[in-house]
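One-letter residues, chain by chain:
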Amino acid sequence: MNTALKFNHEIQRGAGATGAAIAVETTPEQLRVMGRHEILSLQERLMMGSEWLVFEVAPEHIRPGHVTLSQRSYRIELALGEDLDRHGEFAERVWCELMRVAIGLRLFPTASAKAKRPSFSYIINILRKCGMLTRRMSSNLEGGFWSTVDERCDGRPISDTSVTILRRLHSLGALSDCLPGDPMIRGEAAPRHRLGESDVVAPQASVRQFLPFPDPFVGRAGFAAIFFSTEVGPTLLAAIEAASEIVLPHVARNNPNRPISENLTNGGKRHHLTPARDEVIRHWQWRDSSGADLMELPMDTEFVSKWNKSSDRQNGAFEWPPKSFSDAITLLVLLQGCHLWIIALATAGRHGEVQALEVDSLRREPSEVGTIGLPRWKIGGVGQSAEELPTPKLVVQVIKQQERLAAFAKRAGNVNGNHLWVQVTSRRGAPLGGFNHTLKNFAKKFCLEDVLDDDGIHMHRFRKTLVRAVALSLVHAPKVLMDLLGHDDEQMTIMRYILSDPGILDEIREVVREIMILKGVDVILRCDELEGAGADVMKERINEYAHRLGKSAFDPQNLREFASAMTEGGQGWAIIAPGVICTGFTKGGLCNKGQPGGANPHHCSPACCNQIALSTFEREGGELESAHDLAIASVDYLFVSLQEAVDAGEEMLVAQFSGQIRSLMGRWSAVDKHTNDHPLSILLVQ
């Protein structure tokens, strides 16, 4: 280790500071021997807090969603065992060593080309893991520090991450000692006799992979979330807002002669406001989006209010519609869960990215397709610009409704902030610390736990579920999903997401087979429109089928069976180009003449007897487009390019454009006629 090597760290102060960059220059050896005052000074300069025995990061310097004090701070009490004095000598030593770890992580990041400086959230997480180690230590000030940790203490293994970090900082020279490693053998070992030894099997590293949600869960949960958001949400918010407008009365409800003081506590105010608010909810006209009465819900529910328990309501259970203000607030928590379900599935955002969404995240709202600004903190880091994602109209509606919900909660709790997700019950209006409780509450209230598997409901499963849906429906799914998931590596998208579900490949093949069978049905029904070199043979085959079965030939069951046989179960056909179909994909034709294997679409020839052409094809949005017009537009463009190549004397380009024009001929008679009548068609014979 070169002790002269120095590490520089530039810090940009946040709002309210000077804005100047402060350079922190030190070496690992200097950090190892620093005392309390030097460590505290360095801790303050690195924006880790200015109080000794307290690690605290300002909200603007930490990842959105980790703004509560417990999430952005760490204290000495968490690193000490029971009955130890936080101001004792042992506590001082523990805190010095923990701060060396935190400062070392910030100053000396991993020397990797792709490594980034660890975030404050990551450092706090490492402090918690290291604090678990210090809690196992005895309060002995003699000897080493980290080397005294027992890796088997209490039967709990030490985190691999903390072990790696401590050993790396020790190797740099920032820590005086490290965790005990594997025992070293000194001297000569006895000769080894391998006869009778069992085979050594290296342990396989296993990483837990979250799988997509089960289809029954997605179906029922999706219906419940959409219905509750679109039909129940507007009237529920309107009722709660109307009830919240009730002002504090001047006299007691049950004693008109007793005036109510204005200096009541929040609990006292609620005592006098609750009866009037309950009255509003009890007499509210519950209506859906069409204006019809909404007196029952079309899904199973299990509503429970923890504030309103009485003899006639066992355990606080209640039915729709709500009869009290507390019941309505309970449903408001569920409404936020419905919003979360829809947004998480539509955006495929990570937990922290969805949690970091703010009010006014919608972009390009007046346009036909709106977008949402979703932060990609894992790739860009904290404070990066949000990435715009296209959002369906349903998601736009849900986000606006969530902003309305958040505005009510902040107003009721007298909380300021731009956060989108809020606490609705206790600490009303404060930022929501996480989504686990919200998702579990969603599944429980809608009685969905019976269709969930052992993995439960987790934010990352929304990403996998959307990946599965896209992979089964889009040809270019990997490219689309890379942008949607925020990946910069296509192999990450394919291997860790698309193929993480062991059954996804079989499902993709099944979907492709079904699509080709349906294309076969379409060809049978549009038999008179067929063109191309293989059209006559296909028409003859279809006519023979129709003659043999008579009137029953076009019954749905018979039609599908014939299409399945004709397409070899969906595996013998392939779509080569818009409106162009290869009917001999398994055996090939002119494209692989004289070569082993199946068809080669790159060498597809219009003269092949396996090729048929339809006059129209279906776009992704379901709209029909003329294959004739598309081919004619291509011919016109290629003729212009051919003329430019001829004028420039580019023989290779002349051959290329001529070949491309000829490849569009022989499929549709209208295209052939347009090409032959084109003023520049003489160039094809020169």
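Structure: see above.
What counts, and at which threshold
- Numbers given for residues are sequential positions, taken from 1 along each chain in its written order.
- Restriction of local features to residues with pLDDT of at least 70 applies here, the model being predicted, together with a cutoff of 80 or more for giving and counting side-chain atom pairs; totals for whole chains, interfaces and linings are based on all residues.
- In computing side-chain values, all of the structure's heavy atoms are included and hydrogens and water are not.
- The helix and strand labels rest on DSSP assignments: H or I over at least four residues marks a helix, E over at least two residues marks a strand, and numbering proceeds from the N terminus.
- Burial classes follow relative accessibility: with a 1.4 Å probe on protein chains only, a residue under 20% of its type's maximum area counts as buried, one over 50% as exposed, and anything between as partly exposed.
- Here, residues are in contact when the closest pair of their heavy atoms is within 4.5 Å.
- The Shrake-Rupley method, run with a 1.4 Å probe, gives the accessible areas here. Residue values count only the displayed protein chains as cover.
- In this text, buried Ala, Val, Leu, Ile, Met, Phe, Trp, Tyr and Cys residues form a nonpolar core when linked through side-chain atoms within 4.5 Å.
- A pair of strands is labelled paired if DSSP reports no fewer than 2 bridges between them.
- Note on geometry: axes are lines fitted to C-alpha atoms, helical ones only across the stretch in contact, with angles between N-to-C directions running from 0 to 180 degrees.
- Crossing handedness follows the turn of the near helix against the far one: under a right angle anticlockwise gives a left-handed crossing, and clockwise gives a right-handed one.
- We call Asp, Glu, Lys and Arg charged. Ala, Val, Leu, Ile, Met, Phe, Trp, Tyr, Cys and Pro are nonpolar, and the rest, Gly among them, are polar.
- Between Lys or Arg on one side and Asp or Glu on the other, a salt bridge is scored when a side-chain nitrogen of the former is within 4 Å of a carboxyl oxygen of the latter.
- To estimate the expected span of a helix, subtract one from its residue number and multiply by 1.5 Å.
- Convention used here: angles under 35 degrees read as roughly parallel, angles over 145 as roughly antiparallel, angles from 65 to 115 as roughly perpendicular, and any remaining angle as oblique.

Moving on: the overall build of the protein. Scanning the protein from terminus to terminus reveals 21 helices and 14 strands. Taken over 686 residues, the protein has a buried fraction of 44%. Long-range contacts, defined as pairs at least 24 residues apart, comprise 60% of the intrachain contacts of the protein with a sequence gap of at least 6. Of the roughly 37,500 Å² of accessible surface on the protein, 52% is carried by carbon and sulfur atoms.

Here the focus is the nonpolar core. Ranked by internal contacts, the top residues of the largest apolar core, which has 66 residues, are Phe217, Phe228, Leu236, Leu332, Trp421, Phe442 and Phe446. If you list the elements that add at least two residues to this core, you get α6 (215–244), α8 (325–347), β8 (370–374), α11 (393–413), α12 (436–445) and α13 (459–471). The element that contributes the greatest number of residues to this core is α8, accounting for 14 residues. Not counting the four nearest positions on each side in its chain, Phe446 is found in contact with Arg220, Ala224, Phe228, Met299, Asp300, Thr301, Leu334 and Cys338. Within the second largest apolar cluster, 50 residues are counted, among which are Phe55, Phe90, Cys130 and Phe145.

Topologically, Glu514 is positioned in helix α16 (residues 504–525). As for Glu514 and Gly570, which are separated by 56 residues in sequence, their C-alpha atoms are 6.3 Å apart.

Of the pairings in the sheet, the one linking strand β10 (residues 574–577) to strand β11 (residues 580–582) comprises three bridges and is antiparallel in character. Note on β11: the bridge partner recorded for Ile575 is Ile581. The antiparallel pairing of β10 with β11 creates a hairpin that spans two residues between the two strands, and Gly579 there sits at a positive phi of about 85°.

With that settled, the discussion passes to unusual backbone geometry. Excluding glycine, most residues fall at negative phi; most peptide bonds, likewise, are trans. In this chain, Trp320 is followed by Pro321 through a cis amide linkage whose omega measures 0°. With respect to the helices and strands, Pro321 occurs in the loop between β6 (317–318) and α8. Backbone geometry at Arg427 places phi at a positive 50°, although glycine is not the residue there. In this fold, Arg427 is placed in the loop between α11 and α12. The phi torsion at Glu568 lies on the positive side, around 60°, for a residue other than glycine. Position of Glu568 relative to the elements: it lies in the loop between α18 (556–566) and β10.

The next point concerns the packing of helix α17 (residues 535–549) against α18. One can describe the packing of α17 onto α18 by two numbers: an axis separation of 12 Å at closest approach and a directional angle of 145°. For the pair α17 and α18, the sense of crossing is right-handed. The residues of α18 that touch α17, namely those facing Met538, Arg541, Ile542, Tyr545 and Leu549, are Asn558, Leu559, Phe562, Ala565 and Met566. Its residues placed into classes, the contact of α17 with α18 shows eight nonpolar, one polar and one charged.

Further remarks concern the sheet that holds β10. The strand order β10-β11-β12 describes an open sheet built from three strands, whose pairing is antiparallel. The sheet is open, and its two edges are formed by β10 and β12 (611–613), each paired on a single side. Direction aside, the axes of adjacent strands within the sheet are offset by 35° on average. One ladder, built from three bridges, connects β11 with β12; its direction is antiparallel. Residue Cys582 lies in a different strand from β12, and its bridge partner there is Gln611.

What follows covers the pattern of salt bridges. Where side chains of opposite charge bring their charged atoms close, a pairing between them can arise. Scanning the model with the defined rule gives 17 salt bridges in all. We note a salt bridge from Arg350 to Glu353, for which the minimum N-O separation is 2.6 Å. Each member of the pair Arg350 and Glu353 is classed as buried. Here Glu529 makes a salt bridge to Arg526, at a shortest N to O gap of 3.1 Å. When its relative accessible area of 15% is taken as the criterion, Arg526 is described as buried. What emerges from the salt-bridge pattern is a single network uniting Lys519, Asp522, Arg526 and Glu529.

Another point: helix α4 (residues 120–134). The terminal C-alpha atoms of α4, which comprises 15 residues, lie 21 Å apart, in line with the 21 Å expected from a rise of 1.5 Å per residue. All of the buried residues along α4 are Phe120, Ser121, Ile123, Ile124, Ile126, Leu127, Cys130, Gly131, Leu133 and Thr134. Tucked inside the fold, the buried residues of α4 contact β3 (54–56), β4 (73–75), α3 (89–107) and α5 (160–172).

A separate point is the packing of α3 against α4. α4 packs onto α3 with a crossing angle of 150° between their chain directions and a minimal axis gap of 10 Å. The orientation of α3 relative to α4 falls into the category roughly antiparallel. Regarding α3 and α4, the two cross each other, and that crossing is right-handed. Counting all contacts with α3, which are made through Val94, Leu98, Met99, Val101, Ala102, Leu105 and Arg106, the residues of α4 involved are Phe120, Ile123, Ile126, Leu127, Cys130, Gly131 and Thr134. Its residues assigned to classes, the contact of α3 with α4 comprises 11 nonpolar, two polar and one charged.

Taking strand neighbours across the sheet as the criterion, the three strands line up as β7-β8-β9 in an open arrangement whose pairing is antiparallel. Each edge of the open sheet is held by one strand with a lone partner, namely β7 (362–363) and β9 (387–391). Looking at chain direction, β7 and β8 are connected through two bridges and run antiparallel. When the bridges of β8 are listed, Arg363 appears paired with Thr371.

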